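One-letter residues, chain by chain:
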Amino acid sequence: IRAFCLLVTDRKGRIQAYAHRSCSYVRTSSTKYSLKPQDLAKKGVHLVNDGVQNKEESYGKFEAGNKLALADFAQRVDAPANWLEETLIPRMEAIMRYTIDAAHARLNPKKRQACFELLGFDFMLDA
């Protein structure tokens, strides 16, 4: 899952963080997952990075650009009602907050005022 967080520094140098909920998406593979020995070296089977996937013949076969909106992903995996709003998104936002808090002192080393930074966070889910 790719999620975005906007950091804004005000004129007093304070940093505010805003998670951008509507832009999160899931990267998908256009090749069926396989653990067969002959498939282990095939990057397109195991890596969903766009730089790898866009070189596959089957790129975009299942979803445009091999990307799925987070809400569409939740439907596809038959997630419980309100799972995104009550479980996944709050957990992702908490991890973003922890990360920003941990790096806070190094985020604006030159103490620039009235500036911003857009951060992309990648999340992996397991069962």
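Structure: see above.
Residues numbered from 1 in each chain as written. Predicted model: local features only at pLDDT ≥ 70, side-chain atom pairs only at ≥ 80, totals over all residues. Heavy atoms only, no water.

Chemist: Is there a simple way to explain the overall build of the protein in this structure?
Modeler: Each helix and strand counted, the protein has four helices and four strands in total. On the principal axes, the C-alpha backbone points of the protein span a range of 55 × 35 × 25 Å. Buried positions account for 29% of the 127 residues belonging to the protein. Excluding contacts between residues fewer than 6 apart, the proportion of contacts in the protein whose partners are at least 24 apart in sequence is 56%. As displayed, the protein offers around 9300 Å² of accessible surface, 54% of which is attributable to carbon and sulfur atoms. Positive and negative side-chain charges in the protein, numbering 20 and 15 respectively, have mean positions lying 8 Å apart. (Helix = DSSP H or I, 4+ residues; strand = E, 2+ residues; numbered from the N terminus. Buried < 20%, exposed > 50% of the residue type's maximum accessible area, 1.4 Å probe, protein only. Contact = heavy atoms within 4.5 Å. Areas by Shrake-Rupley, 256 points an atom, 1.4 Å probe, with all protein chains shown as cover. Lys, Arg positive; Asp, Glu negative; His and termini not counted. Charge placed at Lys NZ, Arg CZ, Asp CG, Glu CD.)

Chemist: Help me understand the sheet that holds strand β2 (residues 15-27) in this model?
Modeler: Sheet strands pair via backbone hydrogen bonds, and the direction of the pair is either parallel or antiparallel. The antiparallel open sheet is built from four strands, whose spatial order is β3-β2-β1-β4. Where the open sheet ends on each side, the last strands, each with one partner, are β3 (67-69) and β4 (115-122). Strand-to-strand twist across the sheet, computed as the mean angle between neighbouring axes with direction ignored, equals 35°. (Pairing = 2+ DSSP bridges. Axes fitted to C-alpha atoms, helices over the stretch in contact; angles between N-to-C directions.)

Chemist: Explain the pattern of salt bridges here, please?
Modeler: Two side chains that carry opposite charge are able to pair once their charged atoms sit near each other. Within the structure shown, the criterion is met by six salt bridges. Taking the shortest distance from any N to any O, the salt bridge between Glu93 and Arg21 comes out at 2.7 Å. In this pair, Glu93 is assigned in helix α4 (residues 83-103) and Arg21 in strand β2, connecting sequence segments 72 residues apart. When its relative accessible area of 18% is taken as the criterion, Glu93 is described as buried. (Salt bridge = Lys/Arg side-chain N within 4 Å of Asp/Glu carboxyl O.)

Chemist: Can you help me understand the pairing of β2 in this one?
Modeler: Note on strand geometry: in a regular strand, side chains alternate between the two faces of the sheet. Bridge analysis of strand β1 (residues 2-9) against β2 gives seven bridges, and the strand direction is antiparallel. Pairing of Leu6 across the sheet is with Tyr18, part of β2. Adjacent in sequence and paired antiparallel, β1 and β2 are bridged by five residues, among which Gly13 carries a positive phi angle near 85°. Bridge analysis of β2 against β3 gives three bridges, and the strand direction is antiparallel.

Chemist: Before we go on, may I ask you to explain α4 in this structure?
Modeler: Along an α-helix, a turn takes 3.6 residues, which lines up residues three or four apart on a common side. Across its 21 residues, α4 extends 29 Å between first and last C-alpha, which sits within 8% of the 30 Å expected from 1.5 Å per residue. Maximum bend of α4: about 30°, positioned at Ile89, with proline Pro90 one to four residues after it. Within α4, burial applies to Leu84, Leu88, Ile89, Met92, Glu93, Ala94, Met96 and Ile100. If you follow the buried residues of α4, they end up packed against β1, β2, α3 (70-76) and β4. (Expected span 1.5 Å × (residues − 1). Bend = angle between axes of the 7 residues up to and from the residue.)

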